[in-house]
Amino acid sequence: MLDTTEFDACVERLSDRLRAAPQSRLQQGAAAEGLALARELSRRAQRMEGAADPLRTMPDAGVFAVADQLLVAGRDLAEVLRVAGPEGAAERDVAVALVVSAGRRAGF
């Protein structure tokens with residue numbers, strides 16, 4: 001099993017920051033950044049699971065739901081990565097970089 005502790009922590013940290021952010025900050029782009037990241041993590045999980053095209057797209061459930069959407073997508077990808085084993089290490093590292101980068105763009 002692949003260790004996803006760093007990825008899990010990054011996703012939880014960004015999700016917590018989105019959850020605690022004021023509405024104005026969410027509307028200024030932080031929520032859009034979080035949703036884009038959740039959608040990307042979801043796509044990556046679906047691809048690794050061998051899902052057929054077209055892949056399902058995470059819906060826009062509003063600025064107050066994005067933290068939960070990110071957490072769900074991150075946990076889904078983490079589970080797929082853990083099962084993938086050592087072959088998923090490169091994908092895990094890319095996913096960590098995606099989360100860190102999205103957090104910076106969102107201003108966290």
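This is a predicted model, so every value here is computed, not measured. Here the residue index of a chain counts from 1 through its sequence in written order. Reporting of local features is limited, given that this is a predicted model, to residues whose pLDDT is at least 70; pairs of side-chain atoms are given and counted only at 80 or more, and all residues count toward the totals for whole chains, interfaces and linings. The side-chain quantities take in all heavy atoms of the structure and omit both hydrogens and water.

**A short note on the overall build of the protein**
Elements are defined by DSSP. Helices are runs of H or I of four residues or more, strands are runs of E of two residues or more, and each kind is numbered from the N terminus. From N to C terminus, the protein includes four helices and zero strands. Starting at the N terminus, the α and β elements of the protein follow one another as α-α-α-α. We take the radius of gyration over the C-alpha atoms and set the globule estimate at 2.2 Å times the residue count to the 0.38 power. Computed over C-alpha atoms, the radius of gyration of the protein comes to 13 Å, within 12% of the 13 Å expected from 2.2 N^0.38 for 108 residues, which places it in the range of a compact globule. Once the C-alpha set of the protein is aligned to its principal axes, its extents read approximately 40 × 30 × 15 Å. When the 108 residues of the protein are sorted by exposure, 44% land in the buried category. Contacts between residues were defined by any pair of non-hydrogen atoms, one from each residue, lying within 4.5 Å. For the protein, long-range pairs separated by at least 24 residues make up 80% of all intrachain contacts whose partners lie at least 6 apart in sequence. Using the Shrake-Rupley algorithm and a 1.4 Å probe, accessible areas are obtained, with residue cover drawn only from the displayed protein chains. Here the protein has roughly 5900 Å² of accessible surface; of this, 52% comes from carbon and sulfur atoms. Residue exposure (1.4 Å probe, protein chains only): buried if accessible area is under 20% of the type maximum, exposed if over 50%, otherwise partly exposed.

**Focus on the packing of helix α2 (residues 23–48) against helix α4 (residues 89–105)**
Two elements in contact, α2 and α4, have axes separated by 9 Å at closest approach and are oriented at 170 degrees. If you check the angle between α2 and α4, you find them roughly antiparallel. In this structure, α2 uses Glu33, Leu37, Glu40, Leu41, Arg44 and Met48 to contact α4, whose residues at the interface are Glu91, Val94, Ala95, Leu98, Val99, Ala102 and Arg105. Partitioning the contact of α2 with α4 into residue classes produces eight nonpolar, no polar and five charged. Helix axes are fitted to C-alpha atoms over the stretch in contact, other axes to C-alpha atoms as well, and angles between N-to-C directions run from 0 to 180 degrees. Roughly parallel refers to an angle under 35 degrees, roughly antiparallel to one over 145, roughly perpendicular to one between 65 and 115, and oblique to any angle outside these ranges. Asp, Glu, Lys and Arg are counted as charged, while Ala, Val, Leu, Ile, Met, Phe, Trp, Tyr, Cys and Pro are counted as nonpolar; the rest, among them Gly, fall into the polar class.

**Description of unusual backbone geometry**
Across the junction of Asp53 and Pro54, the peptide omega takes the value 0 degrees, indicating a cis bond. Structurally, the position occupied by Pro54 is in the loop between α2 and α3 (66–84).

**Here's the deal with the nonpolar core**
Each nonpolar core is a collection of buried residues, namely Ala, Val, Leu, Ile, Met, Phe, Trp, Tyr and Cys, held together in the definition by side-chain atoms within 4.5 Å. Counting 31 residues, the largest nonpolar core has Phe7, Leu18, Leu41, Leu70 and Val99 as the members making the most contacts within it. Put simply, the parts of the chain that give this core at least two residues each are α1 (5–20), α2, α3 and α4.

**Focus on the packing of α1 against α3**
In the contact formed by α1 and α3, the axes pass within 8 Å of each other and the chain directions differ by 175 degrees. With respect to each other, α1 and α3 are oriented roughly antiparallel. Side by side, α1 and α3 meet where Phe7, Asp8, Val11, Glu12, Leu14, Ser15, Leu18 and Arg19 of the first sit next to Val66, Ala67, Asp68, Leu70, Leu71, Gly74, Arg75, Leu77, Ala78 and Arg82 of the second. Residues belonging to the contact of α1 with α3 are distributed by class as follows: ten nonpolar, two polar and six charged.

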